[in-house]
Amino acid sequence: MAAIQEPLVTRDAAGLEKIILKEPLGASAEVYLYGGQVVSWKNDRGEELLFLSSKTSFKPPKPIRGGIPICFPQFANVGALEKHGFARNRLWSIETDAPPILSSTNASGSNSSRGSTVDLILKPAEDDLKMWTHKYVENIFFHCCEFYMFLSFSSFELRMRLTLKRGGDLAQTIRVRNTDTKPFTFTFALHTYFSVSDISEVRIEGLETLDFLDNLQDRERFTEQGDSITFDGEVDRVYVSTPTKIAIVDHEKKRTIVVKKEGLPDAVVWNPWDKKAKAMADFGDDEYLHMVCVEPAVIETPITLKPGEEWKGRQEISVVPSSYCSGQLDPGQVVRG
């Protein structure tokens, strides 16, 4: 059996530092220290599985459009911080002595012995502490309840372990630790952009019959009626209490991407469609045709950490033949996650 290659640290043409992971059969992944953001995931045939806009600038402080942005400590604009928080446009560091990941199952434990792995960490800069040190009241959760958020803390550690496993599956384990003396509350998402052949030939399975919050209708709550999610216009929804597996079925490519998740109970599904695509400076006019976002998240019920506590979330993405998922992702038969 061929040996796993050590991660390669290099720089792009603009001088931004990134890490390249490879596995023996030829699959690869790339992650930038800027944003701790995965920007590429390729299979053993060199096919790109993530979407990255041709218009993204790779010029800090602008976020990178595509790949897997990390939304922390706030998802979207629901709160007082900048949209999707600040983690996606901060410089992370490589952590050479990351603490072990404790787990009750083999599936969610450390994969370092089974793949090429890198550990990254983000600690708050002074500006982040100033932004996230205040008190406010926000009617956040979509006409359901009034949510009171008191933010008066000053220190956290945000860690990501990225593993390209043997066979090409990609796993991300996220940990947030409260290293201060006061509790804090946050929301989170792995804003994953998947590359697809044609959005009209794609369906999402595993979210049938579930409630969702429709961001196009003032976050009103609805129940999914279809037997799968298909696309003929803009979609921007937060599905709540979702299964641990979601499938993205691409008919034209005859492949299915399976998203397995833990500790991330919600899932965002997004495609901007033509009008919004044309309004975004960092997004090509027709690029909406070749992408879809399926984002494991914690949104409806935020996480509160007491001093010293740690939260963990995880996603693992893999590619299987399309026939794999047909009829096998009934939400009633899958553990919620």
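Residues numbered from 1 in each chain as written. Predicted model: local features only at pLDDT ≥ 70, side-chain atom pairs only at ≥ 80, totals over all residues. Heavy atoms only, no water.

Some points on the sheet that holds strand β4 (residues 38-42)
- Taken in spatial order, the four strands make up an open sheet running β1-β2-β3-β4, and their pairing is antiparallel. A strand with exactly one partner marks an edge of an open sheet, and here the two such strands are β1 (8-11) and β4. On average, each strand axis in the sheet is inclined to that of its neighbour by 20 degrees, with strand direction left out of account.
- Looking at chain direction, strand β2 (residues 17-22) and strand β3 (residues 28-32) are connected through five bridges and run antiparallel. For K22, the partnering residue across the bridge sits in β3 and is S28. (Pairing = 2+ DSSP bridges. Helix = DSSP H or I, 4+ residues; strand = E, 2+ residues; numbered from the N terminus. Axes fitted to C-alpha atoms, helices over the stretch in contact; angles between N-to-C directions.)

A closer look at the environment of P63
- Assignment of secondary structure puts P63 in the loop between β4 and β5 (70-71).
- The spacing of P63 and G35 is 28 residues in sequence and 7.6 Å in space, taken between C-alpha atoms.
- Excluding residues that lie within four positions of it along the chain, P63 makes contacts with Y34, T56 and R88. (Contact = heavy atoms within 4.5 Å.)

A word on the sheet that holds strand β18 (residues 245-250)
- Within the open sheet, the eight strands sit side by side as β6-β7-β10-β11-β22-β19-β18-β14. Their pairing is antiparallel. The outermost strands of the open sheet, each flanked by one partner alone, are β6 (93-94) and β14 (202-205).
- By the bridge criterion, eight bridges tie strand β7 (residues 115-122) to strand β10 (residues 156-165) in an arrangement that is antiparallel. Its bridge partner being in β10, G115 is matched across the sheet by K165.

Regarding unusual backbone geometry
- Put simply, P60 and P61 share a cis peptide bond, and its omega is 10 degrees.
- Within the secondary structure, P61 is located in the loop between β4 and β5.
- F72 connects to P73 through a cis peptide bond whose omega is 0 degrees.
- Looking at where P73 falls in the secondary structure, it is placed in the loop between β5 and β6.
- Backbone geometry at S241 places phi at a positive 50 degrees, although glycine is not the residue there.
- Mapped onto the elements of the fold, S241 is located in the loop between β17 (235-239) and β18.
- On the accessibility criterion, S241 (43% relative accessible area) is partly exposed. (Buried < 20%, exposed > 50% of the residue type's maximum accessible area, 1.4 Å probe, protein only.)

Considering the packing of aromatic side chains
- Enumeration according to the criterion identifies 13 aromatic pairs in this entry.
- Summarising the aromatic geometry, the rings of F51 and F283 are spaced 5.6 Å apart at their centres and angled 45 degrees between planes, so their arrangement reads as tilted. Of this pair, F51 sits in the loop between β4 and β5 while F283 sits in the loop between α2 (273-279) and β21 (291-305), and the two are 232 residues apart along the sequence. We note that F51, like F283, is buried.
- Over the ring of F212 we find R237, and its NZ or CZ is 4.6 Å from the ring centre. (Phe/Tyr/Trp six-rings, centres within 6.5 Å; stacked < 30°, edge-to-face > 60°. Lys NZ or Arg CZ within 6 Å of the ring centre and 35° of its normal.)

Some remarks on the confidence of the model for the protein
- Looking at the protein as a whole, its pLDDT mean stands at 87, while 83% of the residues score no less than 70.
- Here residues 104-113 is a poorly scored stretch, pLDDT under 50, and it has 16 contacts once near neighbours within four places are set aside; other chains count.
- Within the model, the stretch residues 330-336 combines pLDDT values under 50 with 17 contacts to residues more than four positions away or in other chains. (pLDDT = per-residue confidence, 0-100.)

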